Amino acid sequence: MEYPINKGVGKRVEFKGLTAGYLFLFAGGLAAVLLSVIALYLAGADSLVCILFGFSSGSLAVWLTFRMNRKFGEHGLMKRLAEKRHPRYLIHRRRLFRLLTKRQKR
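Residues numbered from 1 in each chain as written. Predicted model: local features only at pLDDT ≥ 70, side-chain atom pairs only at ≥ 80, totals over all residues. Heavy atoms only, no water.

## Some remarks on the nonpolar core
Part 1 of the argument: One finds Leu 18, Tyr 22, Leu 23, Phe 26 and Leu 77 forming the largest nonpolar core, which totals five residues.
Part 2 of the argument: Broken down by element, this core gets its largest block of residues, three residues, from helix α1 (residues 22–43). (Core = buried A, V, L, I, M, F, W, Y, C linked by side-chain atoms within 4.5 Å. Buried < 20%, exposed > 50% of the residue type's maximum accessible area, 1.4 Å probe, protein only. Helix = DSSP H or I, 4+ residues; strand = E, 2+ residues; numbered from the N terminus.)

Printed below as a string of structure tokens:
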């Protein structure tokens, strides 16, 4: 019997339709929900409140992650993060003549 080795080499990472960086958002969101539910329970909140909070915030995190994945696509998250670092416009306060002439060294 022959078994295919490295069948997915070169393909994008995908899990249940989530691609690339959205997997980290998905896992991080669910981990944050779990930690917040544990903190609520240790703080003395009622267990029904903890369960309702965990279910509602977990559902919201899952829904938002899948919505962003569907709206922005595989590389959309990286593009949105890069867009924040890109300047809106460039300011150059030198006059045109000074830009076109060479400066002489002393």
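The rest of the description comes next.
## Remarks on the side chain of Asn 69
Part 1 of the argument: Following the sequence through the fold, Asn 69 ends up in helix α2 (residues 47–72).
Part 2 of the argument: By relative accessible area, which is 10% here, Asn 69 ends up buried.
Part 3 of the argument: Apart from the residues within four sequence positions on either side, Asn 69 is in contact with Gly 17, Leu 18, Thr 19 and Tyr 22. (Contact = heavy atoms within 4.5 Å.)

## Quick notes on the packing of aromatic side chains
Part 1 of the argument: Under the counting rule described, the total for this entry stands at one aromatic pair.
Part 2 of the argument: When the centroid spacing of 6.1 Å and the interplanar angle of 80° are considered together, the rings of Phe 26 and Phe 66 count as edge-to-face. You can see Phe 26 sitting in helix α1 and its partner Phe 66 sitting in helix α2, a full 40 residues away along the chain.
Part 3 of the argument: A relative accessible area of 19% places Phe 26 in the buried class. (Phe/Tyr/Trp six-rings, centres within 6.5 Å; stacked < 30°, edge-to-face > 60°.)

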